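Coordinate analysis (summary)
Below are the chains, spelled out letter by letter.
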Amino acid sequence: MSKHAKTADLSGLYPAAIRESFVKLKPRALWRNPVIFVTAVAAAMTTVLGLRDLLAGTTGAGTSLHVSAWLWLCVLFANFAEALAEGRGKARADTLRATKSETRVRLLSEPDESPGHAAEVLSTALRPGQYVHVAAGEIIPTDGEAVRGVASVNESAITGESAPVIRESGGDRSGVTGGTTIVSDWLVIRVTAEPGKSFLDRMIALVEGAERQKTPNEIALNILLVGLTLIFLFVVVTLPAFASYSGTTIPVIVLGALFVTLIPTTIGGLLSAIGIAGMDRLVKANVIAKSGRAVEAAGDVDTLLLDKTGTITFGNRMADALIPAPGVDMRRLAEAAALASLADETPEGKSIVDKARELLGSVPVMPEGAEAVAFTAQTRLSGLDLADGRGFRKGATDAVIRLTGQTPPQALGAQVDAIARSGGTPLLVAEGGRILGAVHLKDIVKPGVRERFAELRAMGIRTVMITGDNPLTAAAIAAEAGVDDFLAEATPEMKLDLIRREQAGGRLVAMCGDGSNDAPALAQADVGVAMNVGTPAAKEAANLIDLDSDPTKLIEVVLVGKQLLISRGALTTFSIANDVAKYFAILPAIFVAAYPGLGALNIMGLASPSSAILSAVIFNALILVALVPLALRGVRYRPSTAAALLRRNLLIYGLGGLIVPFVGIKAIDLTLVALNLA
Amino acid sequence: MTLLAYAVYFAVLVGLAWALAAWMARVYTRTLPAPLLRVEGALLQLCGAAPDRSMGWTAYALAVLAFNAVGFLLLYAILRAQGALALNPDGIGGMAPDLAFNTAVSFVTNTNWQAYSGEAQLSYLSQMAGLTVQNFVSAGTGMAVAVAVIRGFVAAKGSALGNFWVDLTRSVLWVLLPISIILALFLAWQGVPQTLQGAVTATGVEGQEQIIARGPAAAQIAIKQLGTNGGGFFGVNSAHPFENPTIASNLAQSLAILLIPVAFCFLFGRMAGDRRQGRAIFAAMAVMFLAGLAVIHAYEVTGNPAIGIGANMEGKEQRFGAMLSSLWAASTTAASNGSVNAMHDSFMPLSGLVMLINMAVGEVIFGGVGAGFYGILLYVVLAVFLAGLMVGRTPEYLGRKIEGREVTLAVLAFLSMPLGILVGGAIAATVPAALASVQDSGPHGLSEILYAYSSATGNNGSAFGGWGAALPWQTTALGIVMLLGRYAIIVPLLAIAGSMVRKPQAPVTSGTFPTHGPLFVILLILTVVILGALTFFPVLALGPIAEETARLAGQSF
């Protein structure tokens, strides 16, 4: 994991966030959050009335002002939650902005022009289509595509990964990002980003939350919250009429308190913080979302298309087992296989040596005077000739058969066929003219992926493995990794077709890719994650970019998306369930004068009408601030079936939302009485 | 014994509804026997309807509104002019404008709020050609809308919602008419009059002359129950011995009240191709219904010790007793029927509370024919949206996502209940012109106001007996509220259906929010109860709850 992943200590952000809470009291800023805006209006109203009572010397003015103070605090707490979430992003944006300095760059009129003739211009003036020359030690001024040269680039400013990566013209590793530094060699880069629209700019805007647009679910939820607010407005506005019919009056300040405690201030106040924090979690995972919509869509994904190489398997075939020919000792075969591979620097060769070490405990060192026989496309063999005349070879079956002039014993032959049928690659090992046995090379499935896919399946997500392998090999790996389906001998067109087929069945598809030929599929997919090393075309087509270029990140993104939605739903449920207890606190308090019998509704046994109202208002404000950490962290999410999740969350946030305020309001009431405040 | 009687009633109800749903599924999917389809085709052709022209939601909604508007004008005209029209043996004069408005709205919206007394203020023509016709077509309208809304949720992506004229015709022709005929014949056999002759004058045992009203009642009563209309032929409705003469007629009518609303749950499951979905909604409704019934039964059978020992028999028919009256009260308020066989005003305060809640939540506990079902879908949308987020996906119902547009429309539709009951009620509780309607003092008076406005907004039609419904303020205000409770829900729901049907249906996976198990049933119940309670708890506290606490303290109103 990169340096961004470290959890930031939030306490450093408090002073700024507290300051910002007051700045956000501007009506225009409040208006963006209707529920909190309405709360502020109620607070302003009760303050004015409280002050009037104070000046008139009416009894109870103290309580009125106490109530309005807590209503204001409720607004401030909501502002604080948002400010804190934004502040965390801003801190990250500042470090990013530090890398985005204005520099002078060498502008080329042609890609192959000599840099000596180049004109110097300001990096901020670069336009798409222009060519710049960047040499070792210089910062790449903006996003682009390498069109000439090969260089190692330090991308730690963006990715947090300090090991340099190779960027070269042509192929799928041509994309370069502004703000990164060339460590060695040089590149000619064709600029692809408009000024101020580079990746870095976008990332800064994103983490700052400046360009934050409400996502579809957030909009829908907001509408619901406004609807609930309207309903409670009807409730509260009509209440004086019913009360006066019943021969009592309700002070406006109490109506204001009732209204604010009923409207969903908790979720209303935390909604934007949840959204910002969700994006922040993605940024922490080193994924940049080009829109919030994509993050939400990630939570909805039904089908994940995963590249085999790098995601499911390590990407290299490795020795899985040694099979001795009849009559050959396993130790002898292991020794021969190790010797035949000692000079082989490929991952396959190394894995054979490792396997032999596992079997023998140790492997022979390169003997003095030994001569390596390198692999060629013609012989398809490699090995070692020792000084004592012994020769060890390993290679494709037909090549070894040709070399030795022998056919493998029947038992071994059957095993070799079985390996090929299972999708593996059999190698034969020979010493001199004798076949000693076989090596089973196979794609090794990464540890833990099988469990991961089982989790995904429980979440209702189908995994499809994409591979260039033949169907036989693909089927074997698919079965081993536990994916639900696979696409063998895949071409970009087939990928695109597969996505369209899945989508036609109503499923949302996520995939990741890096090459230009992935671009159409990335664009077609509902969630497309491009690797940062990928081509600009791929990055343009995708809606998420993974800075670590780690294909398994796709799963991470899905989890972040789900967690975001769950957090919103859980806090909404909690907020609404809270109202039941608030009714039981406030209604008996305001009706007991008209109908003493309604005192029976005071099931919490609150001390007095004024302490009841005050306790409800205080609880309403405190629960908001108490839930800020949860909103920023996100509700705990363990992958499981929707039914299990629903059961769990309904129990915690639904039932919890019913019970917690009863306890909380009673506790506050006791405190108020103990402190003589009510 | 009592429990067994309720169980048998409920079992028979569910059995009949199950069978009816199977029949209705065939009716609405055009898989009826060929001869019947020919009859239907000929009839539609006669009316100039094009059965194959399917409608989008706007066209469907416009057709509903146009049809109901014309129905309203026609009925209004008949009521105003009845004095000069035929079939008026008792020489009843034309209705006053405000009362005619109220009555016409009431019957067109399937409310059947009766601010008049039928035997005194309506001619036979008004009853038969006016009210009974609307009893059929207002019920048919509700059923057609419900079927269209269901199609919106279950039909293939991009389908239309169906054709209103066809759905209406089918509802009346193949569901309401046949069952009404059977029920009317049964009621006539039980002693309900069905005659075109005027009132008879009889001499009682004390030698006094009395006028006994009669008329073509059986036919109207059958459809009043079946179509959850509730408008009685006579003023006191099914408490009148001519409307409901025997225990058998009482049972038949009790069943008829809930038959079609229950069948709609099962019809939904069949149309969705997943009967569990329908059963889940049925289960949620059944639990709420039975819970309410249990409360009413308990209070009525126990009675009021302040008045005397034994069941609360004030305002009840000796023929039916506390139990059958409780069952009726629960059914008629849950089902948006509004017919009564006892005086709800005289029920115990918390029985009244249950009846109020049954109506105030929007008549979704079975509810009106069709109306109850599309009403509960509103709560389903809200429940799925609220809790659906908690499984980490965009909330979806039957594979279709519930997004901003649907939530907006659902909230809009939902607002009509607090608007009608709270705002309407608050005005009625303050304006002197309206306050004259209130019969009783204290919290019971407030309950009367709330009952009237809940009944009108929920399109129920029953009332607390002492309430003076005929005041011009009330006829007008309640008329407006009835319109609100009907069309401010129908139009947004059709819009939701129109929006849902355009969405792709995602296949069900283990990541899908399950909407068929016990968990969903509980969730749906909680949504109805909590949203309903949050909206109406304060006023209910001042009404029936205050009355109950006062009663416990020995004070009555």
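Residues numbered from 1 in each chain as written. Chains lettered and ligands numbered in written order. Predicted model: local features only at pLDDT ≥ 70, side-chain atom pairs only at ≥ 80, totals over all residues. Heavy atoms only, no water.

1. Let's talk about the interface of chain B and chain A
In this assembly, 62 residues from chain B lie in contact with 58 residues from chain A. Of the roughly 5000 Å² buried between chain B and chain A on both sides combined, carbon and sulfur atoms contribute 79%. Of all residues in chain B, Met 390, Leu 534 and Leu 542 of chain B bury the most surface against chain A, accounting for 15% of the area lost on that side. Applying the counting criterion to the chain B and chain A interface returns two salt bridges. Salt-bridge contacts for Asp 300 of chain A lead to Lys 401 of chain B; the nearest nitrogen and oxygen are separated by 4.0 Å. Counting the contacts that link chain B with chain A gives 13 residue pairs in polar contact (both at pLDDT 80 or more). Broken down by secondary-structure element, the contributors of at least two residues to the side of chain B that touches chain A are α13 (371–388), α14 (404–428), α16 (442–457) and α18 (518–552) of chain B. The leading source of residues in the side of chain B that touches chain A is α18 of chain B, at 15 residues. Each residue belonging to the side of chain B that touches chain A can be placed in one class, and the counts come to 43 nonpolar, 15 polar and four charged. (Contact = heavy atoms within 4.5 Å. Buried area = accessible area lost by both parts, 1.4 Å probe. Salt bridge = Lys/Arg side-chain N within 4 Å of Asp/Glu carboxyl O. Polar contact = N/O pair within 3.5 Å; in protein donor to acceptor, adjacent residues only side chain to side chain. Helix = DSSP H or I, 4+ residues; strand = E, 2+ residues; numbered from the N terminus. Nonpolar A, V, L, I, M, F, W, Y, C, P; charged D, E, K, R; others polar.)

2. Overview of the confidence of the model for chain B
Of the residues in chain B, 100% reach a pLDDT of 70 or more, and the chain-wide mean stands at 91. Predicted as a complex, the structure gets a pTM of 0.86 and an ipTM equal to 0.92. (pLDDT = per-residue confidence, 0-100.)

3. Considerations on the sheet that holds strand β15 (residues 425–431) of chain A
Residues and elements named next belong to chain A. Within the open sheet, the six strands sit side by side as β11-β16-β15-β14-β13-β12. Their pairing is antiparallel. Edge positions in the open sheet fall to β11 (313–324) and β12 (371–373), since each of these has one partner strand only. The sheet shows a mean angle of 20 degrees between the axes of neighbouring strands, taken without regard to direction. Contacts from helix α15 (residues 410–421) reach β11, β15 and β16 (434–445), with the element oriented near 145 degrees to β15. On top of the sheet, helix α17 (residues 471–481) reaches β11 and β16; it is set at about 60 degrees to β16, its chief contact. (Pairing = 2+ DSSP bridges. Axes fitted to C-alpha atoms, helices over the stretch in contact; angles between N-to-C directions.)

4. Points about unusual backbone geometry
The phi angle at Glu 489 of chain A is positive, at roughly 45 degrees, despite the residue not being glycine. Relative to the helices and strands, Glu 489 of chain A is located in the loop between β18 (485–487) and α18 (492–504). Given a relative accessible area of 43%, Glu 489 of chain A falls into the partly exposed group. One non-glycine residue with positive phi stands out, namely Leu 398 of chain B, at about 50 degrees. Residue position: Leu 398 of chain B is located in the loop between β3 (396–397) and β4 (400–401). Judged by relative accessible area, which is 19%, Leu 398 of chain B ranks as buried. (Buried < 20%, exposed > 50% of the residue type's maximum accessible area, 1.4 Å probe, protein only.)

5. A short note on the packing of aromatic side chains
Tallied over the entire structure, the rule returns 28 aromatic pairs over all chains. Taking 5.4 Å as the distance between ring centres and 50 degrees as the angle between the ring planes, the aromatic pair formed by Phe 584 of chain A and Phe 537 of chain B counts as tilted. On the criterion of chain membership, the pair formed by Phe 584 of chain A in helix α21 (residues 553–591) and Phe 537 of chain B in helix α18 is interchain, its members lying in two chains. Summarising the burial analysis for this pair, Phe 584 of chain A and Phe 537 of chain B share the class buried. With 5.0 Å between their ring centres and 40 degrees between their planes, Phe 266 of chain B and Phe 282 of chain B make a pair best called tilted. (Phe/Tyr/Trp six-rings, centres within 6.5 Å; stacked < 30°, edge-to-face > 60°.)

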